[in-house]
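# Observations on chain architecture
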Amino acid sequence: MRLTRCTSSRSSSQVCRERYEGREEVRAGYRAAWGASRAEPQEICEVVVHESVDPEVITVEQTVCGVVTTTGESFSFPGLLVLRVRNGLIVHARDYMDGVRVAHTMGRLAAVAASLGDGQ
């Protein structure tokens, strides 16, 4: 499987990679990304699956729910997965999350906004 995933919580190449190949790399990538975060996911609390006109592709809306380890506050991050499934295996996935909500929940919204500069 190929997964394209990048998290804005850290800039480490171990956490922010363009591509993961194979089941174990994908699993390790998710563990590294969530492990580098102060967000501790506890469950996928909402899931809606949308079929597409391409029989290999589905889109999944999901909400990851958990606790911020440094504050004890609950969080919910909406996300979107676009999956290509062939012969019963996921062969490609794209994973999107609400980066602004993540930054706000982690107390990093001001720092993220400041890093964007004045847009010039």
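What comes next is a walk through the structure. (Residues numbered from 1 in each chain as written. Predicted model: local features only at pLDDT ≥ 70, side-chain atom pairs only at ≥ 80, totals over all residues. Heavy atoms only, no water.)

Scanning the model with the defined rule gives one disulfide in all. Residue pairing for C45: its cysteine sulfur links by disulfide to C65, the two sulfurs lying 1.7 Å apart. Residues C45 and C65 are joined by a disulfide whose S-S torsion is about 45°; by sign, that bridge is right-handed. Remark: C65 occurs in strand β4 (residues 57–68) and C45 occurs in strand β3 (residues 39–51); sequence separation between them is 20 residues. For C45, a relative accessible area of 31% gives the class partly exposed. (Disulfide = S-S within 2.5 Å. Helix = DSSP H or I, 4+ residues; strand = E, 2+ residues; numbered from the N terminus. Buried < 20%, exposed > 50% of the residue type's maximum accessible area, 1.4 Å probe, protein only.)

The subject of this paragraph is a nonpolar patch on the surface. Taken together, the side chains of I44, V47 and V49 present a nonpolar region at the surface, about 260 Å² in accessible area. As for its position among the elements, I44 is in strand β3. (Patch = residues over 30% accessible without salt bridge, like charges linked within 9 Å, V, L, I, M, F, W, Y side chains within 5 Å. Areas by Shrake-Rupley, 256 points an atom, 1.4 Å probe, with all protein chains shown as cover. Salt bridge = Lys/Arg side-chain N within 4 Å of Asp/Glu carboxyl O.)

Among the structural elements, Q62 can be located in strand β4. Those residues within four positions of Q62 in sequence are excluded, and the remaining contacts are I44, E46, V47, F77, P78, G79 and L81. (Contact = heavy atoms within 4.5 Å.)

Scanning the model with the defined rule gives one aromatic pair in all. Each ring, one from F75 and one from F77, has its centre 4.3 Å from the other, and the planes form 20°; the classification is stacked. (Phe/Tyr/Trp six-rings, centres within 6.5 Å; stacked < 30°, edge-to-face > 60°.)

In this structure, G88 sits in the loop between β5 (74–86) and β6 (89–97). Judged by relative accessible area, which is 69%, G88 ranks as exposed.

To continue, consider the environment of S37. Relative to the helices and strands, S37 resides in the loop between α1 (23–35) and β3. With relative accessibility at 18%, the residue S37 sits in the buried group. Separated by 32 residues in the primary sequence, S37 and T69 place their C-alpha atoms 8.9 Å from one another. Polar contacts involving the side chain of S37 include one to the main-chain amide nitrogen of A39, which spans 2.8 Å. (Polar contact = N/O pair within 3.5 Å; in protein donor to acceptor, adjacent residues only side chain to side chain.)

Attention now goes to the nonpolar core. Listed in full, the eight residues of the largest apolar core are W34, A39, V64, V68, F75, F77, V102 and M106. Of all the secondary-structure elements, those providing two or more residues to this core are β4 and β5. Excluding its chain neighbours within four sequence positions, the residues that come into contact with F77 are W34, A39, Q62, T63, V64, M97, R101, V102, T105 and M106. (Core = buried A, V, L, I, M, F, W, Y, C linked by side-chain atoms within 4.5 Å.)

Quick look at the pattern of salt bridges now. Applying the stated criterion to the full structure yields four salt bridges. The residue D54 makes a salt bridge to R84 at a minimum N-O spacing of 3.1 Å. In this pair, D54 is assigned in the loop between β3 and β4 and R84 in strand β5, connecting sequence segments 30 residues apart. Judged by its relative accessible area of 28%, D54 is partly exposed. R86 serves as the salt-bridge partner of E56, at 2.8 Å between the closest nitrogen and oxygen. Remark: R86 occurs in strand β5 and E56 occurs in the loop between β3 and β4; sequence separation between them is 30 residues.

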